[in-house]
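Tertiary structure, described
Here is how the chains run, residue by residue.
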Amino acid sequence: MSRRAGQSGHVEISGHWWVVRYWKDVSGQDRRKHMSTKICPTNGLGKMTKPERERRAKEIVAESGANSAECLAIAEAGFGVTFRQQAEKWLKDCATRKRDPIKPATLCSWENCIKVWLNPNLGDTLLSTVNNAAMKILVAKMAAAKLSPKSIQNYTQVAKMIVASAVSEDGEELYPRKWNHHFIDLPKIEGQRTPTFTSETMSAIVKSSAGQDRVLFALLAGAGLRIGEALGIEVDEHISDDCRTIYIRQSVWEGVIQGPKTINAVREVDLCSALATMLKTFIGERKAGFLFPNRIGKPLSQTNLLRRSLHPVLATLAVEKTGFHAMRRARTTWLRKSRAPEDLIRFWLGHANKSVTDGYSKLDEDVEYRREVAEKVGLGFEIPTETAVVVPKVRRILRAEKVEVAA
C-alpha cells in the first residue's frame, strides 16, 4: 500500500469508444472499484490521436480523485485494518489527546471491555465490515451471557467509537454508520439498580463506624461528594478556615492524584454547622496533608475502605452490600426533599446546567446564601454528639502534585 505512486490508467477500446480504465478506493469497501470512463469515439467527430488520448486519460484519472491524497489515505488507513488494530490505536489516542482527556478509571474500563468482549468477538474482523449485522451478533452473545442492559449498551458504544475513530487525513470518517438499534436488538435500560441509604440507615452507618471512617462517611452523605473527591482533599488547600466550605480541585483514583471528573466537578460544597464542627474537631492541629491519610501520608485506598470499613458495617446492620455512591444519592434525595434550590443542588453535586436559563443564575456565587441554605437543609441523618476521633499516626506529610483542570 505504501508503494503506491498514483495511476495513469489503461486506455483501450470498448465498443465504439476509447476508454480509460483505472482503480479507485471507495470508503467503506475493502476492494477497490474498477472504473471505466469514455475518452473519445473510435471514429468520426471527436476522435483523438494516441498522444491526445493518453493525455486526456491522465486528466480523467486526476479529475476522478483516484490519485488524490484523500483517496490514498482511505486506502492506507482502512484497507485490511482489523478491529483489533484500530482499537489499539484508538486507546492510545484516548490516553494522550489534549481535548476531552479520558480519566484513568474510564480508560481502564474501556481496556477491560475490549479485552474481555470486543476483541474476542470482533478483533480479527475487518474494520470496514463491523456493521449492524456484526453488532447484532455481538449483542446476542452478551445477552446470552446475562450481561445487564446497561453493560451491553456501554460495550456496544465502545465498539461504535472505535469504528468512528478511523478517519482520513482530513478528519472525515472512513466508515460512517447509521446504527439501527431495533435491528441490533439493543436492550433498553429499565429498572437500573441505583441503591441508596435512608436517613435511618445513614445514621446507623455513622454511629457504627469509628475513627476517620466515621468522619468520611458523614462527609460523603452530608456533602454528596464522590469518594475520589473526598480522598483528594488536603487540609491546607481545600477546606475553609471555619470548615464550612470544601473546595473540590482534585480527585484520587488507585492512589493517583488527578483532576476532578468533569469541569463542573470543580466546585465549592457548603456544609451545615454540625458537620463543620465534626470536621474541625477531626482536623485538630493538623496544618497540611490529606484529610484522610494512611499511615505513610498517602490517600486512603477506596478498595480497602469498601472491604475493611463500609461492607463490614453494612453486614452488621443487615443492609445490602453496595458502594459509596449510595451516600451521594442519599444526599441528593435529602436536598430535594428539603426543597433546596435546583441550581444549588447541581452546583454542590458538580452536575452540568440543563438549560441556557440555568447559566444565567448566579446563586452559586452567593456564598452567604449558599451557607444559609446548607444550614437550613441540614444533614438528613444524625451524627454522634461525641465527635472526637483518632487520626492514624502519619510518619510523614505528603503533598499532592498540582493538577491542571481542563477549561
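Above this text sits the structure in question.
Residues numbered from 1 in each chain as written. Predicted model: local features only at pLDDT ≥ 70, side-chain atom pairs only at ≥ 80, totals over all residues. Heavy atoms only, no water.

The next thing to look at is the overall build of the protein chain. Helix and strand counts for the protein chain come out as 16 helices and seven strands. If you take every contact in the protein chain between residues at least 6 apart in sequence, the share linking residues at least 24 apart comes to 66%. Accessible area for the protein chain stands at about 22,800 Å²; split by element, carbon and sulfur atoms hold 51% of it. (Helix = DSSP H or I, 4+ residues; strand = E, 2+ residues; numbered from the N terminus. Contact = heavy atoms within 4.5 Å. Areas by Shrake-Rupley, 256 points an atom, 1.4 Å probe, with all protein chains shown as cover.)

A few words on the nonpolar core. In this structure, L279, L291 and M327 are the most contacted members of the largest nonpolar core, which totals 59 residues. Top element by residues in this core is helix α9 (residues 211-223). It accounts for eight residues. Ignoring anything within four residues of it in the chain, the contact list for L291 reads Q212, L219, I233, E234, V235, I239, L279, F282, I283 and R286. Membership of the second largest hydrophobic core comes to 31 residues, among which are C94, L107, W117 and Y175. (Core = buried A, V, L, I, M, F, W, Y, C linked by side-chain atoms within 4.5 Å. Buried < 20%, exposed > 50% of the residue type's maximum accessible area, 1.4 Å probe, protein only.)

Take the packing of aromatic side chains next. Counting across every chain of the model gives three aromatic pairs. Ring centres of F217 and F324 lie 6.2 Å apart, and the angle between their planes is 40°; this geometry places the pair in the tilted category. Of this pair, F217 sits in helix α9 while F324 sits in the loop between α12 (302-316) and α13 (325-337), and the two are 107 residues apart along the sequence. The same class applies to F217 as to F324, namely buried. Over the ring of W18 we find R53, and its NZ or CZ is 3.8 Å from the ring centre. Positioned above the aromatic ring of F282 is the side chain of R286, whose terminal nitrogen or guanidinium carbon lies 4.8 Å from the ring centre. (Phe/Tyr/Trp six-rings, centres within 6.5 Å; stacked < 30°, edge-to-face > 60°. Lys NZ or Arg CZ within 6 Å of the ring centre and 35° of its normal.)

On the surface, a cluster of negative charge is made up of E169, D170, E172 and E173. Along the chain, E169 falls in the loop between α6 (149-164) and α7 (181-184). For E169, a relative accessible area of 56% gives the class exposed. (Patch = residues over 30% accessible without salt bridge, like charges linked within 9 Å, V, L, I, M, F, W, Y side chains within 5 Å. Salt bridge = Lys/Arg side-chain N within 4 Å of Asp/Glu carboxyl O. Lys, Arg positive; Asp, Glu negative; His and termini not counted. Charge placed at Lys NZ, Arg CZ, Asp CG, Glu CD.)

All of the buried residues in helix α8 (residues 199-208) are T201, M202, S203, I205 and V206. Summarising the contacts, the buried residues of α8 are in contact with α9, α12 and α13.

Interaxial distance between helix α3 (residues 83-96) and helix α4 (residues 104-122) falls to 11 Å at its minimum, and their mutual angle equals 175°. Of the possible angle classes, the one that applies to α3 and α4 is roughly antiparallel. Along its contact with α3, which presents F83, R84, A87, W90, L91, C94 and A95, the element α4 presents L107, W110, E111, I114, L118, N119 and L122. Among the residues making up the contact of α3 with α4, the classes are represented as 11 nonpolar, one polar and two charged. (Axes fitted to C-alpha atoms, helices over the stretch in contact; angles between N-to-C directions. Parallel < 35°, antiparallel > 145°, perpendicular 65-115°, else oblique. Nonpolar A, V, L, I, M, F, W, Y, C, P; charged D, E, K, R; others polar.)

The next point concerns the sheet that holds strand β1 (residues 10-14). The three strands are arranged β1-β2-β3 in an open sheet whose pairing can be described as antiparallel. Where the open sheet ends on each side, the last strands, each with one partner, are β1 and β3 (33-41). Put simply, the sheet's adjacent strands are angled 35° from each other on average, direction ignored. Strands β1, β2 (17-24) and β3 of the sheet are contacted by helix α1 (residues 50-64), whose axis makes an angle of about 40° with β2. (Pairing = 2+ DSSP bridges.)

So, about the pattern of salt bridges. On inspection of all chains with the given rule, the structure shows 16 salt bridges. Between R226 and E229 there is a salt bridge whose closest N-O contact spans 2.7 Å. Of the two residues, R226 and E229, neither departs from the other in class, the shared state being buried. Members of the salt-bridge network, linked through shared partners, are R56, E59 and E63.

Turning next to the packing of helix α14 (residues 342-349) against helix α16 (residues 367-377). Closest axis-to-axis distance for the α14/α16 pair is 12 Å, and the angle between their directions is 90°. In terms of their interaxial angle, α14 and α16 are classed as roughly perpendicular. In contact with L344, F347 and W348 of α14, α16 contributes Y369, R370, V373 and A374. Among the residues making up the contact of α14 with α16, the classes are represented as six nonpolar, no polar and one charged.

Before going further, it helps to examine the side chain of S309. Of note, S309 is situated in helix α12. Residue classification places S309 among the buried residues on the basis of a relative accessible area of 10%. Dropping the residues within four chain positions of it, S309 is found in contact with D213, F217 and N304.

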